[in-house]
Amino acid sequence: MARNFLNSIRLLEDRLDSELERDASPLGRIIGRIALVISGAVLGLVLIVVGISRNDQSTIAFEAGTVTAASFAPPDESEIPEGPLGDAIIRGKAIFDNPGVNAAAYVGNAMACKNCHLDSGRRAGSSPMWAAWGKYPQYRNKNKSINTMEDRIMGCFRYSMNAPASASGAPPPAGSDIYRDLQTYFHWLATGAPTGKDMVGSGYPELELTSTGYDPQRGAPLYDQYCSGCHGPEGQGAIQPDGTVVYPPLWGNESYNWGAGMARVDLAARFIKANMPFDNPGTLTSQEAWDIAAFVDSQERPRDPRQTGSIDDNAKRSFAGQESFYGKIVDGHQLGSGGGAR
């Protein structure tokens, strides 16, 4: 009912705008503006009367074009409490921002959580952790299982941070304080957020495949133009001597492995469209985002930990139906063997 009413308000506003254009008199413009204000107030009253939650109201407002960012805001760092809870939150953020230093035994590359979840997991449209926290436990088709948040973080260590190549050879063990601190940080970021609800700004915004699809060859010059200044001409990224990741490697031994979500062209394109270039996000066209993602994800990277037999067998078992270059032949090389650039 609220959506139907919203459509009526839109039609009313369009009509009033047209009337304002035709009626140049001061009185006419004043009356028109008053009517617009009244229409907005009536919409808000109806939303309250029909009992729509604040989160649903935000979603409707977002769809109506009146909200351009997430209406939810995580607490400021100045609000971190003192004592053991605050200490855990601070440790969790430190791990999130720089796991190669603060969880070094379980990180096998030069990636950090904040590379895919920008602004320390706070930024809307960058799969923020305040939105992810309330959506677990959930079923994931990737492993055909109900996943807790700890399971999900374990998967990020395994794939995005390539734990098989770490000193331990595996993600942190179940029950590790690393998970406890990260979850404490996520829980704090989600202070006041609803549980089990889709939130405006969660995940990466959807991006339809263009009519011309995606092409690594089209993406190569775009990568050079928009991405190489930060991520390097060979996708090597920028890393400080202490191991702090400034800009993450996008392929090669120090990047995410073939099992990571970002190795999917569609997911990478959504992230790129919403968040890149870093200093001017949202300026790329959808086609540019798809083609850059195709170029990046058609490069060789560490092997998929799920592979126990041949690349072809694993492609059928783990990548069927996905927008992935895993197992494909590119420039005469079958992708998926792992290692550096092809």
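As a reminder, the structure under discussion sits directly above these lines.
Read on for an overview of the structure. (Residues numbered from 1 in each chain as written. Predicted model: local features only at pLDDT ≥ 70, side-chain atom pairs only at ≥ 80, totals over all residues. Heavy atoms only, no water.)

Given a rise of 1.5 Å per residue, 13 residues ought to cover 18 Å, and the 18 Å separating the end C-alpha atoms of helix H9 (residues 177-189) matches this to within 8%. Along H9, the residues that are buried comprise Ile 178, Tyr 179, Asp 181, Leu 182, Gln 183, Thr 184, Tyr 185, Phe 186, Trp 188 and Leu 189. Contacts made by the buried residues of H9 are with helix H4 (84-97), helix H6 (118-121), helix H7 (129-132) and helix H8 (149-159). At the N-terminal boundary of H9, the capping side chain belongs to Ser 176, with an oxygen 3.0 Å from the backbone nitrogen of Ile 178. (Helix = DSSP H or I, 4+ residues; strand = E, 2+ residues; numbered from the N terminus. Expected span 1.5 Å × (residues − 1). Buried < 20%, exposed > 50% of the residue type's maximum accessible area, 1.4 Å probe, protein only. Contact = heavy atoms within 4.5 Å. Polar contact = N/O pair within 3.5 Å; in protein donor to acceptor, adjacent residues only side chain to side chain.)

On to the environment of Ala 269. In this fold, Ala 269 is placed in helix H12 (residues 265-275). Taking the C-alpha atoms as reference, Ala 269 lies 5.1 Å from Ala 289; in sequence the two are 20 residues apart. Once residues lying within four places of it in the same chain are set aside, the contact partners of Ala 269 are Leu 207, Ala 289, Trp 290 and Ala 293.

Right, let's talk about the side chain of Asn 314 for a bit. Mapped onto the secondary structure, Asn 314 falls in helix H14 (residues 311-318). Leaving out residues up to four positions away in the same chain, Asn 314 has contacts with Asp 304, Arg 306, Gln 307, Phe 319 and Tyr 326.

Running from N to C, H8 and H9 point in directions that differ by 115°, and their axes come no closer than 10 Å. As the angle between them shows, H8 and H9 are arranged roughly perpendicular. H8 and H9 meet at a crossing whose hand is right-handed. Along the contact surface, H8 presents Met 149, Glu 150, Ile 153, Met 154 and Phe 157, while H9 presents Ile 178, Tyr 179, Leu 182, Gln 183 and Phe 186. Residues belonging to the contact of H8 with H9 are distributed by class as follows: eight nonpolar, one polar and one charged. (Axes fitted to C-alpha atoms, helices over the stretch in contact; angles between N-to-C directions. Parallel < 35°, antiparallel > 145°, perpendicular 65-115°, else oblique. Left-handed = near helix turned anticlockwise from the far one by under 90°. Nonpolar A, V, L, I, M, F, W, Y, C, P; charged D, E, K, R; others polar.)

A word on the packing of helix H10 (residues 216-226) against helix H13 (residues 286-297). For the pair H10 and H13, the least separation of the axes is 7 Å and the interaxial angle reads 100°. Taken together, the axes of H10 and H13 lie roughly perpendicular to each other. Taking contact as the criterion, the partners of Pro 216, Arg 218, Gly 219, Ala 220, Leu 222, Tyr 223 and Tyr 226 in H10 are, on H13, Gln 287, Glu 288, Asp 291, Ile 292, Ala 294, Phe 295 and Val 296. Along the lines of polarity and charge, the residues of the contact of H10 with H13 split into nine nonpolar, two polar and three charged.

This part is about the packing of aromatic side chains. Throughout the structure, instances matching the rule amount to 15 aromatic pairs. A centroid spacing of 5.1 Å and a plane angle of 45° characterise the contact between Phe 72 and Trp 130, whose relative ring orientation is tilted. Remark: Trp 130 occurs in helix H7 and Phe 72 occurs in the loop between helix H3 (54-63) and H4; sequence separation between them is 58 residues. Grouping residues by exposure puts Phe 72 and Trp 130 together as buried. With 5.6 Å between their ring centres and 90° between their planes, Trp 251 and Phe 295 make a pair best called edge-to-face. Of this pair, Trp 251 sits in the loop between strand E4 (245-247) and H12 while Phe 295 sits in helix H13, and the two are 44 residues apart along the sequence. Of the residues examined, Trp 251 reaches a relative accessible area of 5% and is grouped as buried. An aromatic cluster is built from Phe 96, Tyr 185, Phe 186 and Trp 188, whose rings are joined through pairwise contacts. Directly above the ring of Tyr 159 sits Lys 142, whose terminal nitrogen or CZ lies 3.8 Å from the centroid. (Phe/Tyr/Trp six-rings, centres within 6.5 Å; stacked < 30°, edge-to-face > 60°. Lys NZ or Arg CZ within 6 Å of the ring centre and 35° of its normal.)

In this section: the nonpolar core. Residues Phe 157, Leu 182, Phe 186, Ile 272 and Val 296 are the most contacted members of the largest nonpolar core, which totals 66 residues. Every element with two or more residues in this core is listed here: H4, H7, H8, H9, H10, H12, H13 and H14. Dropping the residues within four chain positions of it, Phe 157 is found in contact with Ala 103, Tyr 106, Val 107, Asn 162, Ala 163, Pro 171, Pro 172, Ile 178, Tyr 179 and Leu 182. (Core = buried A, V, L, I, M, F, W, Y, C linked by side-chain atoms within 4.5 Å.)

A few words on the pattern of salt bridges. Applying the stated criterion across every chain yields a total of 10 salt bridges. Several salt bridges converge on common partners, so that one network encompasses Glu 77, Lys 93 and Asp 97. (Salt bridge = Lys/Arg side-chain N within 4 Å of Asp/Glu carboxyl O.)

Since the α-helix advances by 3.6 residues per turn, residues separated by three or four positions end up pointing in the same direction. By the burial criterion, the buried members of H14 are Ile 311, Asn 314, Ala 315 and Ser 318. The buried residues of H14 all sit within an arc of 105° when viewed along its axis, so they share a single face. If you follow the buried residues of H14, they end up packed against strand E6 (333-334). (Arc of directions from axis to C-beta.)

In this fold, Ser 255 is placed in the loop between E4 and H12. By relative accessible area, which is 0% here, Ser 255 ends up buried. A distance of 3.5 Å separates the side chain of Ser 255 from the backbone nitrogen of Trp 251, its partner in a polar contact. If we ignore the near neighbours within four places in the chain, the residues touching Ser 255 are Asn 109, Met 111, Asn 162, Pro 249, Leu 250, Arg 301 and Pro 302.

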